[in-house]
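Fold and geometry: a report
Take a look at the letters that make up each chain.
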Number of protein chains: 2
Amino acid sequence: MYRLTIKLSKMGSFHIGGRVINNPVDSIREVSFAKNGVPVYLNEKGTYQAEQMYIQYFIPEEVQGKYPIVFIHGGSMSGVIYETTPDGREGWLNYFLENNWIVYNSDSVERGRSGWSPYSPYLSEKPIVLPKRDPYERYRIGKGTNSYSHNIADRKFYKNSQFPVESYDQFVKQLVPRWVNTDEIIINGYIELIKSIGPCVIIAHSQGGAFSLNIAEEIPDLIKALVLIEPSMGGNMNNAERLVDIPIYAVYGDYIKQDDRWKEIYSKTNLYYEKLSEYGIDLEVQELPEIGIEGNSHMLMIDKNNMEIATLIQNWLIKKNMYKKNKTLSGGLL
Amino acid sequence: MYRLTIKLSKMGSFHIGGRVINNPVDSIREVSFAKNGVPVYLNEKGTYQAEQMYIQYFIPEEVQGKYPIVFIHGGSMSGVIYETTPDGREGWLNYFLENNWIVYNSDSVERGRSGWSPYSPYLSEKPIVLPKRDPYERYRIGKGTNSYSHNIADRKFYKNSQFPVESYDQFVKQLVPRWVNTDEIIINGYIELIKSIGPCVIIAHSQGGAFSLNIAEEIPDLIKALVLIEPSMGGNMNNAERLVDIPIYAVYGDYIKQDDRWKEIYSKTNLYYEKLSEYGIDLEVQELPEIGIEGNSHMLMIDKNNMEIATLIQNWLIKKNMYKKNKTLSGGLL
C-alpha cells in the first residue's frame, strides 16, 4: 500500500494577474442574498476585477527539487485533476510533494477558483460545458464514438484500459465550464506567475501542454524543463528556436492510432517536434506502449498506473539534473 | 514570527452530490478547443452533471480534534478565504491543521472548483458578480457607503481597522460569481458531505453561517459544534428546538452599530438567538469589542488578528470538549 507522509513548511494560495474592467452602465439590481434576508441594491455600474488566476502552493520541509513544479491542467479541468484520482487514489501533487518538490498547482484563468467575470470581453460567449458522453469518447476512455452509455454496464471500453472506468461518473463531477477564446489571457496569467516565482519546471496536460509551449516561447530563461502530457497541439513553429535550452519530455498513452482525432493531433504535433529537433533541442517523445506500458487514456495523471507515470517523469527530471539526491527517494510504486 | 509545520498523513479532494440533467435539444456546435486546433463537433444534446460540490481535505499525522472541522465560506467566496490572507499571512486552514484537526475545506455548489452547469434550472439567471466597491462598503472594510474609491489613497476606512486594507485589491481577486436561488442545492451538498464523513464541527462564515444552521436542523446528530462567523441571518425559528444538543459560538467583529445594514442583520439574528435560548441551547454570542478586540471587519478569517480569533475559536472548542489535549498546543499568536 502506498503510504503518504507530507511534511510542509508552508502551504497557501494566491491570485495573480488580471485587470480591472469598467462597466459604465448604470443599472440597479435588487438582490436578496439569502432567502428572507435583508435586500441589497446592487448598482452594476462600476469596476470589476477580471481574468485573474488562482494558485495553491506547497513547500515541503526539505526541498530536493532544484526548481518548483508548476502544474497546468487541461481544458474543462482545474488543478483538481492533480490532487486525487476519481477512485480515491493519490494524485501527482502528493507524489511530487512526498518527493520534496515545491509545487504550484493552478486553475487557469476563468476556470475553477480563478473565478470569471461576465464583464471580460473574452467571456461574452456561452461557455462550453461537456456533456457526460464527451470526455468518455474523446479522451480515449471509451472505444471512440458511441462507446458511452448512460447505463454503466453498457459502456464500451478497452479491456486493458488503465482509466478507472468504474469511477467515470465521479471524474465528470470535476469538470468545469470553460471558454474558447481565452488562450491569450491564460498564457499571460502563467507568464505573470512564473515571472513572480522564478525559474521552474512545468508539467502540463492537453490544452495546458500547448499553453506551456507558448509560455516557454515568451520566457524561455525561466523554464528549466517541460513535461508535456499528451499536449493538444505543438507550439508556434516560428518560435521553436526559442526553446533551444529547454529539455522537453512528451508522454503519450495508448490507443492513439485507433482514434482518428488523436491520430491527427499526434501527427500534427509531430511536425512541431521535428521542427524542435532541427534546432537540436533536447526532446524525448515517449509513447508509453513502446516501453510496455499499455492501456493509458488521455488522463495519465488519474489512470490506474498514474504513480508509474509520475515515477517515469521524475526519473527523467533527475536525468536532466533537476533534483538534489541528498536522501533516498521515497514514494512511487516502481 | 509564526512558523508553520504541517505534517499530513493524507491530503486530497473529491466532488460530492449533484445530479445528472438531461438536455433534449439537438444542436451541433463546432468548437476549436485550441487556436488552429483540430475542431470538435459538440452536440449539446445529452446528459450533464450539475450541482456537485468540491471538497479538499487534510488529515494531520497526529489527530487531536475529536471531530473533523468542515469550513463553509460566505457568499461570493470559495474555500480560498480560509487558505491565506490577501496580504500573504497564514489562513485558518493552516492554523487548525497545525493544531492537528482534520479539515474539510469546501467550495459551495456552483462556486469555484465545484463548477457550474448552465443546464441547472437554478443557474439560468445571470450570476451575481460584485463590483470592486461592493465588499469594501458592505463588509465593514470601509466606512460605509461611498467609502470606496478607485484610488487607493482616497479610500476611507476605520483608523483601527483590522482588515489588511492595503491588500484590498488582492482580496477582490478571490471573489467568484454566485447565484441567489441556490440555497437549497448548497445545503443539500453539505448534508450529503457530512452524512458521508460523519460527525463534525462546522466553522461557517456569513451566508455559510445561515446555511450551517439549516444543515444542523436537518442532521443535528452529526453536528457536534457550530461556530458562526457573522452569519448573514439565523436559522428557521420553527426548527430551533432541533439544535438542542449543539453548542453554538457566534462571533462578531466591530462597527456593527455604525452600519445600518449590519445593525439590522444583527438585530434580526438576535431574535433567532433568543429563540435558541428559550430551548436552553448552549449558545455563546461573542461581540469581539466587548472583550477588547477592536477593529474587526466582516472578514474575521483574513483580518490582521485572524490568528487571535482562531485561538478564541479553538479555546471555545476545547472548552466544549472537542479536543484531545495529548500534547502541548502549538500555533496561535496568543
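Residues numbered from 1 in each chain as written. Chains lettered and ligands numbered in written order. Predicted model: local features only at pLDDT ≥ 70, side-chain atom pairs only at ≥ 80, totals over all residues. Heavy atoms only, no water.

**Overview of the overall build of chain A**
Helices and strands together make up the secondary structure of chain A, namely seven helices and 12 strands. The dimensions of chain A, computed from C-alpha atoms along their principal axes, are 65 × 50 × 45 Å. The buried share among the 334 residues of chain A stands at 64%. For chain A, the proportion of contacts with a sequence separation of at least 24, taken over those separated by at least 6, is 74%. Accessible area of chain A: about 12200 Å², with a carbon and sulfur share of 48%. Taking the average place of the 36 positive charges on the side chains of chain A and the average place of its 40 negative ones, the gap between the two points comes to 4 Å. (Helix = DSSP H or I, 4+ residues; strand = E, 2+ residues; numbered from the N terminus. Buried < 20%, exposed > 50% of the residue type's maximum accessible area, 1.4 Å probe, protein only. Contact = heavy atoms within 4.5 Å. Areas by Shrake-Rupley, 256 points an atom, 1.4 Å probe, with all protein chains shown as cover. Lys, Arg positive; Asp, Glu negative; His and termini not counted. Charge placed at Lys NZ, Arg CZ, Asp CG, Glu CD.)

**Details of the packing of helix α4 (residues 183-197) of chain B against helix α5 (residues 207-218) of chain B**
Residue and element names in this part refer to chain B. It is the contact of α4 with α5, at a shortest axis distance of 9 Å, that shows an interaxial angle of 60°. As summarised for this structure, α4 and α5 are arranged oblique, according to the angle between their axes. When the axes of α4 and α5 are compared, the crossing they make is right-handed. The segment α4 lies against α5, with D183, I186, I187, Y190, I191 and I194 engaging Q207, F211, N214, I215 and E218. (Axes fitted to C-alpha atoms, helices over the stretch in contact; angles between N-to-C directions. Parallel < 35°, antiparallel > 145°, perpendicular 65-115°, else oblique. Left-handed = near helix turned anticlockwise from the far one by under 90°.)

**Quick word on the packing of aromatic side chains**
As enumerated under the stated definition, the model contains 43 aromatic pairs over all chains in all. Ring pairs connect the aromatic residues F71, Y82, W92, Y95, F96, W101 and Y323 of chain A, which therefore count as one cluster. Looking at R140 of chain B, its charged tip hangs above the ring of W262 of chain B, at a distance of 5.0 Å from the centre. (Phe/Tyr/Trp six-rings, centres within 6.5 Å; stacked < 30°, edge-to-face > 60°. Lys NZ or Arg CZ within 6 Å of the ring centre and 35° of its normal.)

**Focus: the pairing of strand β8 (residues 103-107) of chain B**
All names here are of chain B. With respect to burial, β8 is a largely interior element, five of its five residues being buried. Residue alternation in β8 divides its side chains into two sets, V103, N105 and D107 and Y104 and S106, and both sets are buried. By the bridge criterion, five bridges tie strand β6 (residues 53-60) to β8 in an arrangement that is antiparallel. Bridge pairing in β8 places Q56 opposite N105. (Pairing = 2+ DSSP bridges.)

**Points about the pattern of salt bridges**
Should their charged atoms come close, side chains of opposite charge can pair. Scanning the model with the defined rule gives 40 salt bridges over all chains in all. For E125 of chain A, the salt bridge is made with R29 of chain B, and the minimal N-O distance between the two is 3.5 Å. You can see E125 of chain A sitting in the loop between β8 (103-107) and α2 (133-138) and its partner R29 of chain B sitting in strand β3 (residues 28-31), one on each of two chains. Assessed through its relative accessible area of 16%, R29 of chain B is described here as buried. As a salt-bridge pair, E137 of chain B and R133 of chain B come within 2.9 Å of each other at their nearest N and O atoms. Of this pair, E137 of chain B and R133 of chain B both sit in helix α2 (residues 133-138), four residues apart, which is roughly one turn of the helix. Since its relative accessible area comes to 14%, E137 of chain B is described here as buried. (Salt bridge = Lys/Arg side-chain N within 4 Å of Asp/Glu carboxyl O.)

**Remarks on the confidence of the model for chain A**
Across chain A, pLDDT averages 94, with 95% of residues at or above 70. Here the complex is predicted with pTM 0.95, and the ipTM for its interfaces comes to 0.94. (pLDDT = per-residue confidence, 0-100.)

**Describing the interface of chain B and chain A**
Taken residue by residue, the interface counts 86 residues in chain B and 86 residues in chain A. Together chain B and chain A conceal approximately 7000 Å² of surface at their shared face, both sides included; 55% is due to carbon and sulfur atoms. Where chain B packs against chain A, one counts 10 salt bridges. Linking E83 of chain A and R113 of chain B is a salt bridge whose minimum nitrogen-to-oxygen distance equals 2.8 Å. Where chain B touches chain A, the interface holds 31 residue pairs in polar contact (both at pLDDT 80 or more). Sorting elements by how many residues they give to the side of chain B that touches chain A places strand β1 (residues 6-16) of chain B first, with 11 residues. Here the residues of the side of chain B that touches chain A are counted per class, giving 36 nonpolar, 28 polar and 22 charged. In the sheet, strand β1 (residues 6-16) of chain A pairs with β1 of chain B via three bridges, with the strands oriented antiparallel. Each residue of the ladder has a partner; that of L8 of chain A, found in β1 of chain B, is I6 of chain B. (Buried area = accessible area lost by both parts, 1.4 Å probe. Polar contact = N/O pair within 3.5 Å; in protein donor to acceptor, adjacent residues only side chain to side chain. Nonpolar A, V, L, I, M, F, W, Y, C, P; charged D, E, K, R; others polar.)

**Side note on the nonpolar core**
Counting 107 residues, the largest nonpolar core has W92, F96 and F171 of chain A together with W92, F96 and F171 of chain B as the members making the most contacts within it. With eight residues, the single largest contributor to this core is helix α7 (residues 306-319) of chain B. Not counting residues up to four positions away in its chain, the partners in contact with F171 of chain A are M77, I81, P86, P135, Y139, I141, F163, M299 and I302 of chain A. (Core = buried A, V, L, I, M, F, W, Y, C linked by side-chain atoms within 4.5 Å.)

**Examining helix α5 (residues 207-218) of chain A**
All names here are of chain A. When the terminal C-alpha atoms of α5 are compared, their 17 Å separation across 12 residues agrees well with the 16 Å that a helix rising 1.5 Å per residue should span. Judged by how many residues are buried, α5 sits mostly within the fold: 10 of 12 residues are covered. Those residues of α5 not exposed but buried are Q207, G208, G209, A210, F211, S212, L213, I215, A216 and E217. Packing partners of the buried residues in α5 comprise β7 (69-72), α4 (183-197), β9 (200-205), β10 (223-229), β11 (248-252) and α6 (260-278). (Expected span 1.5 Å × (residues − 1).)

**Quick look at unusual backbone geometry**
Phi angles above zero are rare outside glycine, and N100 of chain A is one such case at about 70°. When its relative accessible area of 9% is taken as the criterion, N100 of chain A is described as buried.

**Quick word on the relation of the copies chain B and chain A**
Superposing chain B onto chain A takes a rotation of 180° plus a shift of 0.0 Å along the axis, which leaves an RMSD of 0.0 Å. Accordingly, the operation relating the two chain copies is best matched by a two-fold axis. Residue by residue, 100% of the interface of chain B is reproduced at the interface of chain A, so both copies engage with the same surface. (Least-squares fit on C-alpha atoms with pLDDT ≥ 70 in both.)

**Let's talk about the side chain of E230 of chain A**
By the secondary structure assignment, E230 of chain A is in the loop between β10 and β11. Among residues more than four places away in sequence, those in contact with E230 of chain A are R140, S206, V251, Y252, G253, I256, W262, S297 and H298 of chain A.

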